Structure formats: structure tokens, C-alpha cells
Amino acid sequence: MQQAKNLLEAQDLTKIFEIRKGFSSKAFHAVDKANFSLASNTPEIFSIAGESGSGKSTLAKMILGMESSSLGKLSYKGRLIDSLSNREKRAWFFSEVQPVFQDPFAAFSPLKRIDHYLYETAANYKVVKRSEADDYINAVLNEVGLSLAEVKGRYPNELSGGQAQRVAIARALLTKPSLIVADEPVSMLDASLRMSIVNMFRKLKEENGVTIIYITHDLATAYYSADRIAIMLRGWIVEMGPVEKVLGEPLHPYTQNLKDSIPQADPDKSWDKSANLAEMEADEYTRKGCRFAGRCPAVMDKCRQQEPPNVQHLGRAVKCFLYETTN
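Criteria and cut-off values
Residues numbered from 1 in each chain as written. Predicted model: local features only at pLDDT ≥ 70, side-chain atom pairs only at ≥ 80, totals over all residues. Heavy atoms only, no water. Helix = DSSP H or I, 4+ residues; strand = E, 2+ residues; numbered from the N terminus. Rg over C-alpha atoms; globule rule 2.2 N^0.38 Å. Buried < 20%, exposed > 50% of the residue type's maximum accessible area, 1.4 Å probe, protein only. Contact = heavy atoms within 4.5 Å. Areas by Shrake-Rupley, 256 points an atom, 1.4 Å probe, with all protein chains shown as cover. 1 Å grid on protein atoms, 1.4 Å probe; cavity = no way out; pocket = protein on both sides within 12 Å on 5 of 7 lines; lining within 4 Å. Points joined across faces, edges and corners; volume = space filled by probe spheres on them. Expected span 1.5 Å × (residues − 1). Pairing = 2+ DSSP bridges. Arc of directions from axis to C-beta. Polar contact = N/O pair within 3.5 Å; in protein donor to acceptor, adjacent residues only side chain to side chain. Phe/Tyr/Trp six-rings, centres within 6.5 Å; stacked < 30°, edge-to-face > 60°.

Before we move on, could you go through the overall build of the protein chain and cite the residues and values that matter?
Counting its secondary structure elements, the protein chain contains 10 helices and 12 strands. A compact globule built from 327 residues should have a C-alpha radius of gyration of about 20 Å, and the protein chain, at 21 Å, falls within 12% of that. For the protein chain, the spread of C-alpha atoms along the principal axes amounts to about 70 × 55 × 45 Å. Buried residues in the protein chain amount to 46% of all 327 residues. Taking the contacts inside the protein chain whose residues are at least 6 apart along the sequence as the reference set, 64% of them involve residues at least 24 apart. Surface accessibility of the protein chain: about 16400 Å² in total, with carbon and sulfur atoms responsible for 49%.

I'd like to hear about empty space enclosed by the protein, residue by residue, with values.
Under the criterion given, the structure shown has 1 cavity of 30 Å³ or more. The computed volume of the largest cavity comes to approximately 110 Å³.

Could you give an account of helix 6 (residues 161–173), with specific residues and numbers?
With 13 residues, helix 6 ought to run about 18 Å at 1.5 Å a step, and its terminal C-alpha atoms sit 18 Å apart, in line with that. Among the 13 residues that make up helix 6, 10 are buried, leaving the element largely enclosed by the rest of the structure. Among the residues making up helix 6, those that are buried are G162, A164, Q165, R166, V167, A168, I169, A170, A172 and L173. Those residues of helix 6 hidden inside the fold are in contact with strand 6 (97–100), helix 3 (114–124), helix 4 (133–143), helix 5 (148–151), strand 7 (179–183) and helix 7 (191–208).

With reference to specific residues and values, describe the side chain of S147.
By the element assignment, S147 lies in the loop between helix 4 and helix 5. Taking relative accessible area as the criterion, S147 reaches 17% and is therefore assigned buried.

How would you sum up the sheet that holds strand 5 (residues 79–80)? Please name residues and give values.
Taken together, 4 strands build an open sheet; the order of strands is 2-1-4-5 and the sheet is antiparallel. Every interior strand has two partners, whereas the edge strands, strand 2 (24–39) and strand 5, have only one. Taken together, the 5 bridges between strand 1 (residues 6–21) and strand 4 (residues 71–76) define a ladder with antiparallel strand orientation. Within the sheet, the bridge partner assigned to L8 lies in strand 4 and is Y76.

Could you give me a rundown of helix 7, with the residues and numbers involved?
Helix length check: helix 7 (18 residues) gives 25 Å between terminal C-alpha atoms against 26 Å at 1.5 Å per residue, within 8%. Along helix 7, the residues classified as buried are I197, V198, M200, F201, L204 and K205. End-on view of helix 7: buried residues confined to an arc of 150°, all on one side of the axis. When the buried face of helix 7 is taken as reference, the exposed residues oriented beyond 90 degrees from it are A191, S192, E206 and E207. Measuring from the side-chain oxygen of the N-cap residue of helix 7 to the backbone nitrogen of L193 gives 3.0 Å; that N-cap residue is D190. One or two residues past the end of helix 7 sits G209, with phi positive at roughly 70°.

I'd like a rundown of the packing of aromatic side chains, residues and numbers included.
Scanning all chains against the criterion turns up 9 aromatic pairs. When the centroid spacing of 5.7 Å and the interplanar angle of 55° are considered together, the rings of Y76 and W92 count as tilted. Of this pair, Y76 sits in strand 4 while W92 sits in helix 2 (residues 86–96), placing them 16 residues apart in sequence. Looking at Y76, the relative accessible area reads 1%, which means it is buried.

Written out as C-alpha cells, the structure reads:
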């Protein structure tokens, strides 16, 4: 069987929920016509960033097979994720696509020892013989800076937040995945631990050949770790490309707004820009035209009437009328 060109590919991927109010309802596009791909033979860290409520976690659930798509296609190694049976997901997909969630302690029962989860995962996916489980689990824990001796017999509450997140990542690695979907994996950790986890992701990409989807609202860690980034706004991907270009010289007014909201640790560069990161207006998901029109400093009349086009400009994709006539 010929290997698929792309590890993961989204084509006009859409997830629609119904908002009910009284006797009426309105369509709510949590993810709206998302298009992106991750190459099979080129491991990378692909970051998906944006404010809370932008659709990042819904997109993550769709990639993980936890939510089905409403429209469009989402393929893993050339196979539609929505078409996989529960048996196929358990036997194949779930071993190759592994999650790492925001709260590591939520992934573990406080009544079970940490090593129970590691042995259970190794046994369920039959990645190693029972007689070799200790050595294999210890080797995987070593990759995240831990050892089996450190965690064996311990309960989740006996670990620090950083240790628990490392164990969660090790558990994901036990199945030898091709793709890890990390949804806000460092948001509950302090600054020093954040960087250790982010550095670990870079090491896994470079040394293990694992592709990582890194979902975050923290642009600093995204800039440091990612190869490419997609900026989401109310279900849309509004800008996507190499992280140095998107965050270094952002094109979309929303991306510019996000960047301006981050003070720089430089006394010679005063924070003199005004960023409008107010809570989203009630109709931003459902309004006609551009969803950022109510907060955009460059808004035009047509922005309030028409959906902006997807344009290729300066090495990235950008969804904005400002660039529709440029090459």
C-alpha cells in the first residue's frame, strides 16, 4: 500500500453546533472551513493559536476522533477519520494519534498508582512483551526526564505538575505514535516548567520523528517551539504559515492585535500600542461578513457584508480583504 503524501489533511473542515434559545435555534460554526495539511515524511510542530473560544479545542477533538465533522474532510494517512469504525480506532488510530491534555491530573484517577496507567497502556496496545515491560517503560520515561523508579508505586497527588505532565507525555509515547495532539499542555505550569515541556516537544520531533500539534493561547511558547502556526478566530483560520513570518511580521489585523497584546521584556521598547482583546461580541460567530469587523482597526464597509477571501501573500495564507488584490 502506497504511503499517503500527508500525515493529516483537513479540507474545508467544519463543525456546526445548534444554539437553542427558546423555540428558535441558530447554527454555530465552531470550526469553519479549515484547510491545512501535515506532511508524512517531515515531522514538525504545528501550532494552533488564538483566544479562548476560537475553536482550537473543538478542532483538537475532531483530530483525535472525539468529535465528528459536520462538513468537509479530515484524513489521517489518507483515510477519513470519521469513516473509521470503533474497532479500527482502537486497533490502529488511537495508537498512532495520541493526546496530551491541559490538566495532567485530570487524566489520572487519584485512586490508582501512576505506574498502573503505564503498564496498562503498554499491555492494551501490545507494544512490548510483558517480560520486557519494565525496561521499555523505563526507557520511555527516560525520554521525558524521568525513570520508572521515580514514579513506581506513587499516586498522582505525590507528583508535581511538571512530573505529572511528563508522565502523561510518556504514556502517549508508549504506543509509538506518529502524531501527538497537545491541547494547552503547559497552561497550568509555571514559566520554568513550561519551557522544559516545550523543549521536550522539540526533542521528540527531532529525535523521535513525532509530529506535534501544539494548541495554545501562549504566543511566546508557540514562537519558540513551532515550525508553522495557524491563528484561529471564531472558527476561522485567519493566518497560517511559518511561525517566524506569522508572529514576526503578522499580516491579519487580528494576528497583529494578538502580538501587540504581549509586552516585551525590554526597557528600551515601551509598550505603547493599544490592543483590543475585549470579550467577543455576542454575534461574532454568527455575524454576516468578517467576524473581526467589530474590533478591526482597518475595517471597510465590505467587511461587514461579505466573508473575506483566503489569500496567499508573502509566504502564508491570510483571510482578509486587505490582501485580495496583491500577489
